[in-house]
Amino acid sequence: MRSDSHPVHGDPRLSRFDPMERVIYFDDFDQGMNGWTCLVGNYQDSLDTMTTSYARHTQPMLSQVTHWDSGTHGSFDGTYALKIATRPVAGERNTAIKRVTFRKASRIRVETYFACKPEANELKLSDKDVRAFGVLFDLQDREQRVMPHLRYLNTLNGERRHQWQFKQRTTPFRAIGGSEIVTHDHLSPEDWEDVPGGQQNLCYNEIPTKINWHYLRFDFDLVNMCWLGFQCNDLVLDPSGLESIKMPAMANLDCMLNLAFFCESNTAKRTFFYLDSVLLSGDF
Amino acid sequence: MATLRNTYTAVIARGERWTGQVYTEPYEAAWASEAVFFIHLMPDSMPPSGTAVARVQISPDGLHWVNEGTEFELPTVPDTVSFGRVLNFGGWLRLAVAVPNSCEFKVVATLSLKA
């Protein structure tokens, strides 16, 4: 791994990434959904037992990023990007998730090229219509379940924030239907904390239909279950003070390595979070 | 070895109770050349007191919608399924469903896509 130089890759599609030694998966959404799906909530006997915020989640899709005024924008290196879209309701969120397990506890790194825009249904700048977007891991070793969360808070209460945040608390567990299944809303709006030094302006551009792809890297240590830092474009932050949601290990989740992306709307307008590609690597 | 055709099934309504005028969220599927909408009336539904028709709508931009021409009735017997097939639909798909206000359909609706 040479994060400060330009690696020479046999596959030129990898030359804009800095993967660790082993590529666990490299999902280019020009090839299909690659195992990315909808994050549904837990339930028992009836879908009505699902936590409402999870029941609202919808399926991700493959978008060619087409707009009414300029036609198809396309993705970073092709036609299609993974699209996560909220419903047109203020405070809505949506997610996409990929579920695997780890065969060796190591350092891991997720990298993506992303864009996040509101639905272009008004001839306005609309930059305050997106509340937030982010990424999270859902992990478990033999002792604990660990859920590092990272989001970019674009707008809150009508004010531009442009602030990276993390989270170390979730909602209380709720048993579902008297069963062993429990649920909690780790993506609830509460308990987000500012990342020190995490103020960053992104390239929103000047109208909702112009998008620019951004680079995001997020490193985590599965051995010590701790943050290793993250990077968005030219902002590189160390892990000082960054913590994760943690809880005792739960049944049936051994070696879980789930990765999810999410976005949140700020107004009654859909928020669209596009991922050109996702690369997960590890140093083993 | 032959390349398999890409396919994906999206759940576009999960246990929702449909009454009145309903539009499913826009779904982008320009990569697919064929689609089948399924509507499953859930087993724990009460048999609806009336009937309803789902109309497929398409859009050039995800903002402006028009009836595609395909329409099909929702199932009225719990735990049964109805469907509608669509071809040549461009980039976006959704369902427009007009349910009488006195009526409720608790459904799982899916969109099965194939390249």
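Residues numbered from 1 in each chain as written. Chains lettered and ligands numbered in written order. Predicted model: local features only at pLDDT ≥ 70, side-chain atom pairs only at ≥ 80, totals over all residues.

(A) Expanded view of the overall build of chain A. Scanning chain A from terminus to terminus reveals one helix and 20 strands. In summary, chain A has a C-alpha radius of gyration of 18 Å against a globular reference of 19 Å for 284 residues, a match within 12%. C-alpha atoms of chain A, sized along the principal axes, occupy 50 × 45 × 35 Å. Considering only intrachain contacts with a sequence separation of at least 6, the fraction spanning at least 24 residues in chain A is 70%. (Helix = DSSP H or I, 4+ residues; strand = E, 2+ residues; numbered from the N terminus. Rg over C-alpha atoms; globule rule 2.2 N^0.38 Å. Contact = placed C-beta atoms within 7 Å.)

(B) Region of interest: the overall build of chain B. On a plain count of helices and strands, chain B comes out with zero helices and nine strands. Secondary structure elements of chain B, listed N to C terminal, follow the sequence β-β-β-β-β-β-β-β-β. In terms of overall dimensions, chain B is globule-like: its C-alpha atoms have a radius of gyration of 14 Å, near the 13 Å expected for 115 residues. Taking the principal axes of the C-alpha coordinates as reference, chain B spans close to 50 × 35 × 20 Å. For chain B, buried positions account for 37% of its 115 residues. Sequence-distant contacts, at least 24 apart, represent 78% of the contacts inside chain B between residues at least 6 apart. (Buried ≥ 20, exposed ≤ 12 C-beta atoms within 10 Å, placed from the backbone.)

(C) Structural detail: the sheet that holds strand β9 (residues 105-114) of chain B. Residue and element names in this part refer to chain B. Pairing within the open sheet is antiparallel, and its four strands lie in the order β1-β9-β4-β7. In this open sheet, the two edge strands, each paired with only one partner strand, are β1 (7-18) and β7 (81-87). With strand direction ignored, the average angle separating the axes of adjacent strands in the sheet is 15°. Taken together, the seven bridges between strand β4 (residues 34-41) and β7 define a ladder with antiparallel strand orientation. By the bridge assignment for β7, A35 is matched with V86. (Pairing = 2+ DSSP bridges. Axes fitted to C-alpha atoms, helices over the stretch in contact; angles between N-to-C directions.)

(D) A look at the interface of chain A and chain B. Contact residues are listed per partner, giving 21 residues for chain A and 16 residues for chain B. Here the element with the most residues in the side of chain A that touches chain B is strand β2 (residues 61-63) of chain A; it accounts for three residues.

(E) Region of the structure containing the nonpolar core. Core analysis: the largest hydrophobic core is formed by 88 residues, its most contacted members being F273 and Y274 of chain A. Setting aside chain neighbours within four positions, we find F273 of chain A in contact with I84, F114, C116, F133, F261 and C263 of chain A. (Core = buried A, V, L, I, M, F, W, Y, C linked by C-beta atoms within 7 Å.)

(F) The arrangement of the environment of H64 of chain B in detail. In this structure, H64 of chain B sits in the loop between β5 (53-59) and β6 (66-73). When the C-alpha positions of H64 of chain B and W31 of chain B are compared, they lie 20 Å apart, and in sequence the two are 33 residues distant.

(G) Structural context of the confidence of the model for chain B. Here chain B averages 96 in pLDDT, while 99% of its residues score no lower than 70. For this predicted complex, the interface confidence score (ipTM) comes to 0.96, while the overall pTM stands at 0.95. (pLDDT = per-residue confidence, 0-100.)

(H) Representation of the environment of N42 of chain A within the structure. Relative to the elements of secondary structure, N42 of chain A occurs in the loop between β1 (22-28) and α1 (52-55). Taking the C-alpha atoms as reference points, N42 of chain A and Q231 of chain A, 189 residues apart in sequence, are found 32 Å from one another.

(I) Molecular detail of unusual backbone geometry. Residues and elements named next belong to chain A. In this structure, V65 is a non-glycine residue whose phi angle is positive, near 55°. V65 sits in the buried class, given 22 other C-beta atoms within 10 Å. With phi around 65°, S126 is a residue other than glycine that occupies positive phi space. Take S126: it is sitting in the loop between β7 (107-118) and β8 (130-140).

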